Each structure stands twice: as structure tokens, then as C-alpha cells.
Amino acid sequence: MQWLWIVMGILGGISLIVWIGLRIKSPQLPAYAGIVPNQLELITIPAGLPAPVERYYQAVAVNGKLPVVYSAVFTGHGKLRFMGIAFPGRARFTHEAGYGYRHYLDISFWGLPMMKVNERFLDDEARLELPFGVVEGEPKINQAACLGLWAESFVFPSLFLTDTRVHWEEVDDSTAELYVPCPDGEEKFTVKFDPETDLMTYAEVMRYRDAVDEAKIPWRIGGLGWREMSGVLVPSPMTAEWDDEGSPWLVLELEELALNPDVEMYIRASGP
């Protein structure tokens, strides 16, 4: 039976190594190096919004005003699930507000990056550069990417007031529908608000997960907490979750938010 104890000891050692490696936090990405304006244009909350939406904006606005956003770069670290395992990860999202984005994400083990993803949604076309190949020219992925664009815009929610292509409709005292444009037509998010804090609980939409999916799946973005960044309360840690998975595949704590930098070249680059 000595061999059994040896095997158990080896397996126990491997399990400990994996357990520790998955709990070492990814290093922070370098600070965004682009030029960021010193001052931002501010707007007040307009009249006539649905009641739960108006309360939400009153809750996230600082001193009753919100920054007008044309572009944004936000960076953070957290957990990303891959092959059923939650790895330490980090991410940088670059947005032309309401029109396109670029994502850089990586996951690490023992603090060392081990898988990198570059993906973008520009000119209504998505391109995913993944470790196992490139995905592009897929209409269902374009739809999914467009919805990701709008979901991430809750980091700078004044866009839902300033973009004339977007509108809100009230459902009940704690629910509203957010209508946004996408390549195949208007899409609808159902947004739930906390009745005590008036902050967003989650925004849910029907979204394709893969290019070969026959049907859309409920997908939602939410916040486990809120913090003030660049003159607005933002969801952080922020979560993203498929309804059939039971838990978020992404939990991201925001560390940096740059509003209205020049991203014309940066959004078409690769890497952090």
C-alpha cells in the first residue's frame, strides 16, 4: 500500500500547486499611455426619463452631472473562466462610444500570463484573435459583439442619454427596457434596478454565444459593487454571465477609466 500513499502525496502536491497558482493575482496592466483631457463636458439629467431610469441616473451622477463620453479606455483585473476553471485575469477595453471597441484580455497561472485574446468590433464587424484561431465574418458573432459594446457602456452611462439612436422605456417601478442599434436592427436590454439604492442590478439581453448557435441565450452584465471613477459611479467589480452557466464567466474590478482620449489608432492596435 506504500505506492498508494506515494500517489496520493503526489496528487495532493499537484493540487496544492494548482490551488496556489490560481490564487496569485495577475499583475496590473501598464497605465494607459494616451493623452486624456483634463476637463470633461458635463450634462445634467434630462427631464422625462422613465421613473426607475431617472432615479438610476441620480444615483450614479456626481453632483447631479454626468460626463459626456465620446471614447473611453478602462482597465481592470479579476477572474476569467476558461475550460470551466476561473483563472486570474486582466483586461483593457477601448471604446469609440456607441460605435466600436477593442478588447485585450489575458489569464495567468502563478502570476504569469498564459493565454491572450485580442478582439474587436469595428465598422459593424467582429474579429476575435483567439489562441486556437481567428473568428471573423460571422453574423451571429457580430450580433454578440454589438451587444457587448452596449453592455460595457454602463461604465459611461451618459451615452444612453446623449446618443439619439438609444431610448428607454419603463416596464415597472424597478425595471426598464433599453433599446440600442445593432447591424441587424434594434436590440433590447431588460434592466433591473435595486429598489433600495436605485443602482443597476443587471442588464439582460438575448445574445448568441457561438457562430453556430441556433438560438440566442440570455446573457447579462451586472455589478457586485460600485465606485466613483472619472465623475460617475461605475459597476465594479463588474460581472458577465450566461444564463445557463449559473455563475459569471467574468468578474472584473476596474482600476483605471480614461474618458475621451484619442483612440483612433489605439483601437486598431493589438495588445494592452
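Heads up: the structure comes first, above all this text.
Residues numbered from 1 in each chain as written. Predicted model: local features only at pLDDT ≥ 70, side-chain atom pairs only at ≥ 80, totals over all residues. Heavy atoms only, no water.

Student: Tell me about the packing of aromatic side chains, residues and numbers included.
Tutor: Counted under the stated rule, the structure contains 12 aromatic pairs. Here tyrosine 32 and tyrosine 266 contribute two aromatic rings whose centre-to-centre distance is 5.2 Å and whose plane-to-plane angle is 70 degrees, an arrangement assigned as edge-to-face. Placement of the pair is tyrosine 32 in the loop between α1 (2-21) and β1 (42-44) and tyrosine 266 in the segment after β17 (250-259), with a sequence separation of 234 residues. Both residues of the pair, tyrosine 32 and tyrosine 266, belong to the buried class. With 5.3 Å between their ring centres and 85 degrees between their planes, phenylalanine 74 and phenylalanine 93 make a pair best called edge-to-face. Taken together, the positions of phenylalanine 74 in strand β3 (residues 71-82) and phenylalanine 93 in strand β4 (residues 85-96) put the pair 19 residues apart, joining distant regions of the chain. Phenylalanine 93 carries the same exposure label as phenylalanine 74, and that label is buried. (Phe/Tyr/Trp six-rings, centres within 6.5 Å; stacked < 30°, edge-to-face > 60°. Helix = DSSP H or I, 4+ residues; strand = E, 2+ residues; numbered from the N terminus. Buried < 20%, exposed > 50% of the residue type's maximum accessible area, 1.4 Å probe, protein only.)

Student: How would you explain the pattern of salt bridges if you had to name every residue and give the values?
Tutor: When the charged atoms of two side chains lie near each other, side chains of opposite charge can form a pair. With the rule as written, the count across this model stands at 16 salt bridges. A salt bridge links glutamate 187 to lysine 216, with the shortest nitrogen-to-oxygen separation between them at 3.9 Å. Within this pair, whereas glutamate 187 is found in strand β11 (residues 185-193), its partner lysine 216 is found in the loop between β12 (200-207) and β13 (217-223), the two being separated by 29 residues in sequence. What makes lysine 216 partly exposed here is its relative accessible area of 32%. Salt-bridge contacts for glutamate 241 lead to arginine 220; the nearest nitrogen and oxygen are separated by 3.7 Å. In this pair, glutamate 241 is assigned in strand β16 (residues 238-242) and arginine 220 in strand β13, connecting sequence segments 21 residues apart. Judged by relative accessible area, arginine 220 falls into the buried class, the value being 16%. (Salt bridge = Lys/Arg side-chain N within 4 Å of Asp/Glu carboxyl O.)

Student: For unusual backbone geometry, give the residues involved together with the corresponding values.
Tutor: Here the bond from serine 236 into proline 237 is cis, since omega is 0 degrees, no more than 30 degrees from zero. Its location among the elements puts proline 237 in the loop between β15 (232-235) and β16. Backbone geometry at aspartate 123 places phi at a positive 55 degrees, although glycine is not the residue there. Mapped onto the fold, aspartate 123 is located in the loop between β6 (112-122) and β7 (125-130). We classify aspartate 123 as exposed; its relative accessible area is 66%. In this model, asparagine 260 sits at a positive phi of 65 degrees, which is unusual for a non-glycine residue. The topology assignment puts asparagine 260 in the segment after β17. You can call asparagine 260 buried: its relative accessible area is 16%.

It is worth stressing that arrangement in space is one thing and function is another; only the former is reported here.
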